[in-house]
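Structure at a glance
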Amino acid sequence: MKTILCLFALVLICSQAVSFSHTNKDNLPGGWKARDPQEFMKDSHNQEIFENAKQQFITQASQANEISSTQLTVQDVKRISTQVVSGLNISFEVELVDANGKVYDVTLVVWSQ
């Protein structure tokens, strides 16, 4: 089964107010910080960011004929990392699966401000 090993979908999401459940001391400028996927995804704003990123990936990948189906579901969220810049970079490493069982290993990188 052919998989996409690493396809980056850079999604720019500019929201008026970012309300993360993490305190400022958890978001130090510079390097990437690993996050607990279950805890991170409990926040509805973080869920919205992820869903928007996933939809952007599906749109871009289907237009480029990289995926066979636009109906992808999340099989596993492997890793989430954040990086403070002028806003917040969020990296989601996930496994998506289509209706035929084809698995895509995807890294979605989102910038939120």
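An account of the accompanying structure is given in this report.

Parameters and conventions
Residues numbered from 1 in each chain as written. Predicted model: local features only at pLDDT ≥ 70, side-chain atom pairs only at ≥ 80, totals over all residues. Heavy atoms only, no water. Buried < 20%, exposed > 50% of the residue type's maximum accessible area, 1.4 Å probe, protein only. Helix = DSSP H or I, 4+ residues; strand = E, 2+ residues; numbered from the N terminus. Pairing = 2+ DSSP bridges. Phe/Tyr/Trp six-rings, centres within 6.5 Å; stacked < 30°, edge-to-face > 60°. Salt bridge = Lys/Arg side-chain N within 4 Å of Asp/Glu carboxyl O. Contact = heavy atoms within 4.5 Å.

**As for the pairing of strand S5 (residues 103-112)**
Of all ten residues making up S5, nine are buried, and the element is well covered by its neighbours. By the bridge criterion, ten bridges tie strand S4 (residues 87-97) to S5 in an arrangement that is antiparallel. Bridge pairing in S5 places Ser91 opposite Val109. Hairpin geometry of S4 and S5 is characterised by an intervening segment of five residues between the two adjacent antiparallel strands and by a positive phi of about 90° at Gly101.

**Some remarks on the packing of aromatic side chains**
Given two aromatic rings, their pairing is described by the distance between the two centres and the angle made by the two planes. Counted under the stated rule, the structure contains two aromatic pairs. Taking 6.2 Å as the distance between ring centres and 65° as the angle between the ring planes, the aromatic pair formed by Phe40 and Phe92 counts as edge-to-face. Note that Phe40 is positioned in helix H1 (residues 37-40) and Phe92 in strand S4, a separation of 52 residues in sequence. In this pair, the class of Phe40 matches that of Phe92, namely buried.

**Remarks on the pattern of salt bridges**
This structure, assessed with the given rule, holds five salt bridges. A salt bridge links Lys42 to Glu39, with the nearest nitrogen and oxygen atoms 2.9 Å apart. By relative accessible area, which is 59% here, Lys42 ends up exposed. A residue is classified by how much of its surface remains accessible, and Glu39, at 44% relative accessible area, is partly exposed. Of the charged contacts, one joins Asp105 and Lys78 as a salt bridge, the two residues approaching to 3.2 Å between their closest N and O atoms.

**Describing the side chain of Glu95**
In this structure, Glu95 sits in strand S4. Residue classification places Glu95 among the buried residues on the basis of a relative accessible area of 16%. The contact partners of Glu95, leaving out residues within four places of it in the chain, are Thr73, Val74, Gln75, Asp76, Lys78, Val103, Tyr104 and Asp105.

All we've got here are geometric facts, nothing functional implied.
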